[in-house]
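These are the residues of each chain, in order.
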Protein chains: 6
Amino acid sequence: MDDKSQIKIFAGSSSIDFVRKICQYLNIVPGKSETFHFQEGNIYVKIQENVREKDVYFVQTIGIDANDSFVELLFWIDAFKRSSANSVTVIIPYFSYAKADKKDEPRVSIRARVCADCIEAAGADRVIMIDLHSPQIQGFFKKPVDNLYAYPLLCGYIKSLAIPDLVIVSPDIGFAKNARKYASYLNVPTVICDKERKDHSEKAEVIEMFGDVRNKNALIVDDFTLTCGTLIDAARVLKMKGANNVYAMVTHSLLNEKGLKELERSHITKLITTDTVSNPAVHLSKKIKIISVAPLFAEAVKIIQNKESLSSLFDHLPEDLIKSCLEI
Amino acid sequence: MDDKSQIKIFAGSSSIDFVRKICQYLNIVPGKSETFHFQEGNIYVKIQENVREKDVYFVQTIGIDANDSFVELLFWIDAFKRSSANSVTVIIPYFSYAKADKKDEPRVSIRARVCADCIEAAGADRVIMIDLHSPQIQGFFKKPVDNLYAYPLLCGYIKSLAIPDLVIVSPDIGFAKNARKYASYLNVPTVICDKERKDHSEKAEVIEMFGDVRNKNALIVDDFTLTCGTLIDAARVLKMKGANNVYAMVTHSLLNEKGLKELERSHITKLITTDTVSNPAVHLSKKIKIISVAPLFAEAVKIIQNKESLSSLFDHLPEDLIKSCLEI
Amino acid sequence: MDDKSQIKIFAGSSSIDFVRKICQYLNIVPGKSETFHFQEGNIYVKIQENVREKDVYFVQTIGIDANDSFVELLFWIDAFKRSSANSVTVIIPYFSYAKADKKDEPRVSIRARVCADCIEAAGADRVIMIDLHSPQIQGFFKKPVDNLYAYPLLCGYIKSLAIPDLVIVSPDIGFAKNARKYASYLNVPTVICDKERKDHSEKAEVIEMFGDVRNKNALIVDDFTLTCGTLIDAARVLKMKGANNVYAMVTHSLLNEKGLKELERSHITKLITTDTVSNPAVHLSKKIKIISVAPLFAEAVKIIQNKESLSSLFDHLPEDLIKSCLEI
Amino acid sequence: MDDKSQIKIFAGSSSIDFVRKICQYLNIVPGKSETFHFQEGNIYVKIQENVREKDVYFVQTIGIDANDSFVELLFWIDAFKRSSANSVTVIIPYFSYAKADKKDEPRVSIRARVCADCIEAAGADRVIMIDLHSPQIQGFFKKPVDNLYAYPLLCGYIKSLAIPDLVIVSPDIGFAKNARKYASYLNVPTVICDKERKDHSEKAEVIEMFGDVRNKNALIVDDFTLTCGTLIDAARVLKMKGANNVYAMVTHSLLNEKGLKELERSHITKLITTDTVSNPAVHLSKKIKIISVAPLFAEAVKIIQNKESLSSLFDHLPEDLIKSCLEI
Amino acid sequence: MDDKSQIKIFAGSSSIDFVRKICQYLNIVPGKSETFHFQEGNIYVKIQENVREKDVYFVQTIGIDANDSFVELLFWIDAFKRSSANSVTVIIPYFSYAKADKKDEPRVSIRARVCADCIEAAGADRVIMIDLHSPQIQGFFKKPVDNLYAYPLLCGYIKSLAIPDLVIVSPDIGFAKNARKYASYLNVPTVICDKERKDHSEKAEVIEMFGDVRNKNALIVDDFTLTCGTLIDAARVLKMKGANNVYAMVTHSLLNEKGLKELERSHITKLITTDTVSNPAVHLSKKIKIISVAPLFAEAVKIIQNKESLSSLFDHLPEDLIKSCLEI
Amino acid sequence: MDDKSQIKIFAGSSSIDFVRKICQYLNIVPGKSETFHFQEGNIYVKIQENVREKDVYFVQTIGIDANDSFVELLFWIDAFKRSSANSVTVIIPYFSYAKADKKDEPRVSIRARVCADCIEAAGADRVIMIDLHSPQIQGFFKKPVDNLYAYPLLCGYIKSLAIPDLVIVSPDIGFAKNARKYASYLNVPTVICDKERKDHSEKAEVIEMFGDVRNKNALIVDDFTLTCGTLIDAARVLKMKGANNVYAMVTHSLLNEKGLKELERSHITKLITTDTVSNPAVHLSKKIKIISVAPLFAEAVKIIQNKESLSSLFDHLPEDLIKSCLEI
């Protein structure tokens, strides 16, 4: 970065470790701050160093305990603006309410838009996210939203495994377009599952599978998993259809202990995921491989501060970056 | 109410019982709705009946699990507006972040203003609260905020107890003005404690006491209590200064089990409070007397729908209303 | 409608005939207005009757000459608001920029959001559309957006044709979820094509087909067609795969003369579409069957004015409505 | 300019040649971009180089095909803001809707305000125009609007012609104040015509003429002409009243072919105008002399980037600038 | 009015008498309110009766002591909105800052736009004014602005005087268009003066006069006068050019004592004006005839409450109204 | 200051002398500007030098003639923004309407919020004030509000007087918290008066006094005084209770001549105050000692321009600053 004195990176409660990794990559010290959770549930935030005219990057993932993280985020933005920061860029590695992006039933809220309005009302100047659930969410914001992609990093790791006879499997039709991006990057075929989500309780059912998986090693790809349910169901069908090993790869993983146990018992050999959600449980399972995207966000910060183009980052990911993501 | 068909009252997760009481008082049926808490922490809301062109009153206290209640509130407002309600009046019996109304340290957020902005951005047309922590909070909103008062109900109850030689005690200087309102209503003297809050951890210390309490029965009054700490400290000093029985009376009570135990062990004979916070723990203590303010909010709704003056309600509280508050 | 005196329906330049049909169905007279296109390209609008405190419904499709229609729409909204209309509901049967709902390349505009912001800045109170290209577009608006569905009417017509051995064909993966809605309504199987759009020049290529069409009659369904290119390509593949007759059905049809000629020459037996776009060319082809959705919008207006639920309309479409759509 | 690396100048579809001239004057390369007009009429825009933290100047005249140009302008502004430009200054050499600046009849739109609101909603930070139809239009914007003046350039050209016995003629009372500015600059008398515009169809009628034109050479001045109708009518009356040669000079010329033919047949010897409207037709007539104002806008850009005062530019126009305007 | 119970008319400090006349015409009682001016200059306002869901009309002229009146107006709007009025229509008989509608010099404020923004920010729903200085000011507001016209009333009075050989005189070119409206209504010729305002100190100088006044009775018309300077100057020139009697007629009169003395000494026989400005001084001169426009505003209120067309009022002013304006 | 060329400090009509002192301290020249008060009461403002991309500090106290000062302030902000200033920081040494911060009666305006909204609507980027009447007023603004404190300067002066046996007296309970801050700084005891304000006419009555003053020198502290009434009343009681000398110290003094006379006649030995209000009357009394806070604001400007922390200023006030405040 050309001028490190102009920048300050702060962590919200849910992303302290993530910010540590970003700052380690950029070789700077995280901003000092204090958060206090009162007994009855409300939150107090305080910036503990001067941010006047600084470009502030504030990182808060909205995953587990989504509402606490979200409200804390709003307070931080307000605190930075009232402390005369020059700009406040909000980094949200996982944005839980991105899934709530439409009025698919009568008389429901479009919760992702409500969140976008609050973030802008609080005073954010820019937002950075990764692998957004639907691209239209950028349009819920008036302020610039930069959307990063994890697939080059994830596919880079897959390449390093040199799995023979690989096919990419999309667990449903909605993700097929993205799955093809993975397949094209890895130069392997795509297989598409066709399931239907019955209600909002997240239960779903695999219906059909388009493409051949017999004697192939299958890699199911998706943007997020809550319970591993979809992945495990797909893995069972893949096995039934003659697949060899079944891998799964998702950007955002919110697995709880129950999910972990089911993953252990499942046909899935390995679940590759990232650290966008601060989920201590995932370290408990040997089936899970975590690749950090913190260096990717760090690069994004560097590019923005250097006034360079973010989109060109993905044309040629620096080797160092890929290495950092695996090692940090 | 002149026309009940025009109105719908809905409950958020934290105020289901409170809405039941409001509707019982008004003799109408609560609006049908569904709330779903996903495993990872985010919330889904759905209105289950037509609200087109209705005047919607939505009740959600923001007390225990404040952030969940607050975010849910925003989603409900959005859902009502997108469902073409004519107006959305938000009733917030307890508003946890009202205390966070100033920048009393460098580089903190004015959280009550952040909340006000979000509530207005989501689309609320009016807000009703009771015994606001500071009157300036009305000015954080552009939309009308009606602030109700519990003291006539609470004092009505005290009168019915016919306690001899009563003095009203303000636990600190900040509440002295309000304490005098209670004293004037009950026509008894006021005594003022002078404590200082040392930091935001809510610990405080009684310093001095202005006024005579020897052989008097003391009633400490305050707007809210989290741990009963301030009340118990004041009670101890009152006893030291020769007071007979010590009562305490607060509008909003967020006592947890630890607080309840300390209350049981304390010099306080009885704690009189209301049901603004949905706190199942308070029923566990025999020292606690709860007076419902739901009928008061119900009267406010009736007055608003009848296009009458809300301020005149407090000139002469109807006898029926007072009775309902004690019995409902 | 309970009270016709409260309502006024006006037509923009691009929807004069559509409004005539709506008003015929509702048995009211369209609002009087004047539009003038100056030689150099700018537009003048004038309301020619009193609209003070009326509920105005203004209809303007944004299809052919999209920008003229869009800018005219903004001027009309402003004129109604400055003339003290009580509310302005904008009916946009086809919204051309709905397709531009994401930043799928670096440094492009999210044009649908820009349009939504302008419509709201001009003062619209509500928007009604039909078969929106993506459901997230409702979230680009803060004001209520009611999205109607044409499939019950279109499927009703298909049922009346009693085509044997019918399969529904989705021309690409993106529309598969919707196609299944048609199939489920008609109780027939679904076949999914998997094409990829290469660039924004609207050329695409069919890649694969999931499902069996041999000796079946195929009905390709989609939300809109500009050139019939996708439909004709799919029809050719369907024929190659052994399909009998191939029908196509789209809600919005913007076919120009070149498209019409290609349709005539193609494997498509019949194109069923609606009148959301005012396209005089479509009457030139015998292969095209038009079903009016004006009565559906008229019903929506009636429901809104009667303060009833719009979502329940689709549970049981009135018989009269279906008949009107075929005959008007 | 002190720092050319900080600035980027982009052209909209209607001002490509104008931007070429601005950039030639400033010796910089125009920004790379792509515009695509779809068959059905909608528009796609894409910035083709990095603009992060740049000061963007976007030029789009809104003249012929006004609505296409205006909507494209909105999309560009959005694209620049979402691409994190530091500021977006919109240069509108001719703003067609400036004439629509009042509610001179009941129930019409104030279209210039609608346009201003949309331009600001899309995110513009500043606007630069020239010879605005009415000065109040600056007040329709909250953002700074810099209004340039063409008369020093135009009068400079007139001076170089050394026309003897010259009088300046205002074609109506509304322009008299401006006409006197021209006359004062050239140090010649003013004559005022007094016509009345009967309706919005732009037909008007000369009524009277205040001042003597016998044996004088007359120069009619106005801000814009659509059909030359007003100018030709005035010229006829001037001839009747004994004027020698009649010249006309307008800043904005939107003449179509019919107007050009009538100009050729008229009493007007020469029409002096500028290149604010991209009108290829004007080159067809030998009676038309075009003076470029692109160098004037280029100077304005330079002054703004150098943080100097724009108003002082008109105190002493640089000689080089005047020369460039005649030669570019 | 169909329903008087729905409406409340309140007076600001500067329009107490004006509101008395409006209410007398409408046969209703003015709203009760209290205004208090503190010694140091700030203002306190209090509504003294229930306005919940009422349509409030608040009248405050902004003339003498313009800033006190303007700030008081903002506080009243806020008070009405916070008291849950259904709508707040602001009637501003004279709006002092309307003259400040453009940036006619570098680095000045467009004060009329600032005022418009503040009035809208405070919460006004509609504005009614009369004889606005420039029609573009309506475009400074987003909310509807109804502009009334005094000329039919004023000309009605002139007709009743039956002055022979009358000519209408416009004191400058800027008012010529309006002067012709008066002349056309009275069916007499127009004469136009051509003066130039030299600076913002309001001094001006008559230069020329277009039209014949010899042996005619002249009626100078204008929208407002501060010092009578322009009118007196024009009267002197008219006398020099052979005019008989010279009358003057302006809608808004802000004459101070010095102006009154100069009027007394001048060639002006009579100054006809209205009561839009609360100016006790004007009653001191016998040369001044005041015609009330309060009944005109009262009619406007009636029309708005009856949801009728305001523009049609001026097609045929009711006889009663004209009579009231002369007698009230 | 690191870079003085980037900054411009301008004075409004009410703070010309105050700005002279600020600029003297910073060793820069005040910005050139012109203000004109028209006879009828409205105000014209003009910036007389280039401010393009400058950081403008505009100083206007809102004390005597509060409304004139406030409206002028809005026009200045607009003028600076339309002149392309980079930022506009508004310094309001005394903000008269800060006292109007709540709805303490039914149907009044929250005037401080109205003012805050207007200041932000006009375009201010930051506000600096001193000793705000209530800290919640910062929350009425969305933009950063920096609140300075006068007590270190004032107490510094008191220290230099070396008054023996000093007690700090709070004139009412509301100011007790602040009074203790003074006492703690001077390391002396606090005495609290307990009065009640009966209505908004500013009359109040001392009721009781907590603490011992016999044979002590008393220093009454408050934030502002209009008439000295409260201070004189308290002084009388202090004398009755046996106090020796009685001093008074307030930040903001709006004393008129009547107040000055009463001060002269009163028990108060000396009134120490600052120059936040431009009050020429205060120089007439020998009992008044004025300490300038202009250097404090100058330091704040310097800190802001140097991007340093403002809160740390009060940890160790520079010696030079204290000296300047006494001497300037």
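Our subject in this report is the structure included herewith. Computed from a predicted model, the values in this text were never measured in an experiment.

### So, the sheet that holds strand S5 (residues 87-91) of chain C
Hydrogen bonding along the main chain pairs the strands of a sheet, whether they run parallel or antiparallel.
Residue and element names in this part refer to chain C.
Right, on to step 1. The sheet built from 5 strands is open, its strands ordered S1-S4-S5-S6-S7 with parallel pairing. Each of the sheet's edge strands pairs with one partner strand only, and the pair in question is strand S1 (7-11) and strand S7 (145-148). Averaged over neighbouring strand pairs, the angle between their axes works out to 20° when direction is ignored.

### What to know about the arrangement of the chains
Right, on to step 1. For chain A and chain E, which are not in contact, the least C-alpha distance works out to 17 Å.
Right, on to step 2. Nothing in chain C touches chain F, and the closest approach of their C-alpha atoms is 17 Å.

### Some remarks on the sheet that holds strand S4 (residues 55-59) of chain D
All names here are of chain D.
Right, on to step 1. Spatial strand order, S1-S4-S5-S6-S7: 5 strands in an open sheet with parallel pairing. In the strand order of this sheet, the two ends are held by strand S1 (7-11) and strand S7 (145-148), each with one partner. On average, adjacent strands in this sheet sit at an angle of 20° to one another, irrespective of strand direction.
Right, on to step 2. Relative to strand S5 (residues 87-91), S4 runs parallel, the two sharing 5 bridges. The residue of S5 that forms the bridge with Val59 is Ile91.

### Some words on the pattern of salt bridges
Right, on to step 1. A full pass over the atoms with the stated rule returns 89 salt bridges over all chains.
Right, on to step 2. Note that Asp146 of chain D and Arg52 of chain F form a salt bridge whose closest N and O atoms lie 4.0 Å from each other. Of this pair, Asp146 of chain D sits in strand S7 while Arg52 of chain F sits in the loop between strand S3 (43-47) and strand S4 (55-59), placing the two residues on different chains.
Right, on to step 3. On the basis of relative accessible area, Asp146 of chain D is assigned to the buried category, the value being 8%.
Right, on to step 4. Measuring nitrogen to oxygen at the nearest pair gives 3.3 Å for the salt bridge that ties Lys302 of chain F to Glu299 of chain F. With a gap of 3 residues between them, Lys302 of chain F and Glu299 of chain F both fall in helix H8 (residues 294-305), about one helical turn apart.
Right, on to step 5. The network of salt bridges with common partners includes Arg113 and Asp117 of chain A together with Lys142 of chain C.

### A look at the relation of the copies chain D and chain A
Right, on to step 1. If you rotate chain D by 120° and push it 0.0 Å along the axis, it lands on chain A with an RMSD of 0.0 Å. The transformation relating the two chain copies, once decomposed into turn and shift, fits a three-fold axis. Across chain D, the smallest distance between a C-alpha and the rotation axis is recorded for Asn86 of chain D, namely 7.2 Å.

### Some points on the relation of the copies chain C and chain D
Right, on to step 1. Each copy of the sequence occupies a distinct position, and chain C is placed on chain D by a rotation of 180° and an axial shift of 0.1 Å, giving an RMSD of 0.0 Å. The relationship between the two copies is best expressed as a two-fold rotation axis.

### A closer look at the interface of chain C and chain D
By a widely used convention, the size of an interface equals the accessible area lost when the partners come together.
Right, on to step 1. Each partner contributes to the interface: chain C provides 52 residues, whereas chain D provides 52 residues.
Right, on to step 2. In total, about 4,500 Å² of surface goes out of reach between chain C and chain D, with carbon and sulfur atoms giving 55% of it.
Right, on to step 3. Taken together, the links from chain C to chain D amount to 2 salt bridges.
Right, on to step 4. Lys46 of chain C serves as the salt-bridge partner of Glu105 of chain D, at 3.3 Å between the closest nitrogen and oxygen.
Right, on to step 5. Inspection of the chain C/chain D interface yields 26 residue pairs in polar contact (both at pLDDT 80 or more).
Right, on to step 6. With 10 residues, helix H2 (residues 66-82) of chain C is the largest single contributor of residues to the side of chain C that touches chain D.
Right, on to step 7. When the residues that make up the side of chain C that touches chain D are grouped by side-chain class, the tally is 23 nonpolar, 14 polar and 15 charged.

Conventions and cut-offs
- Residues numbered from 1 in each chain as written.
- Chains lettered and ligands numbered in written order.
- Predicted model: local features only at pLDDT ≥ 70, side-chain atom pairs only at ≥ 80, totals over all residues.
- Heavy atoms only, no water.
- Pairing = 2+ DSSP bridges.
- Helix = DSSP H or I, 4+ residues; strand = E, 2+ residues; numbered from the N terminus.
- Axes fitted to C-alpha atoms, helices over the stretch in contact; angles between N-to-C directions.
- Contact = heavy atoms within 4.5 Å.
- Salt bridge = Lys/Arg side-chain N within 4 Å of Asp/Glu carboxyl O.
- Buried < 20%, exposed > 50% of the residue type's maximum accessible area, 1.4 Å probe, protein only.
- Least-squares fit on C-alpha atoms with pLDDT ≥ 70 in both.
- Buried area = accessible area lost by both parts, 1.4 Å probe.
- Polar contact = N/O pair within 3.5 Å; in protein donor to acceptor, adjacent residues only side chain to side chain.
- Nonpolar A, V, L, I, M, F, W, Y, C, P; charged D, E, K, R; others polar.

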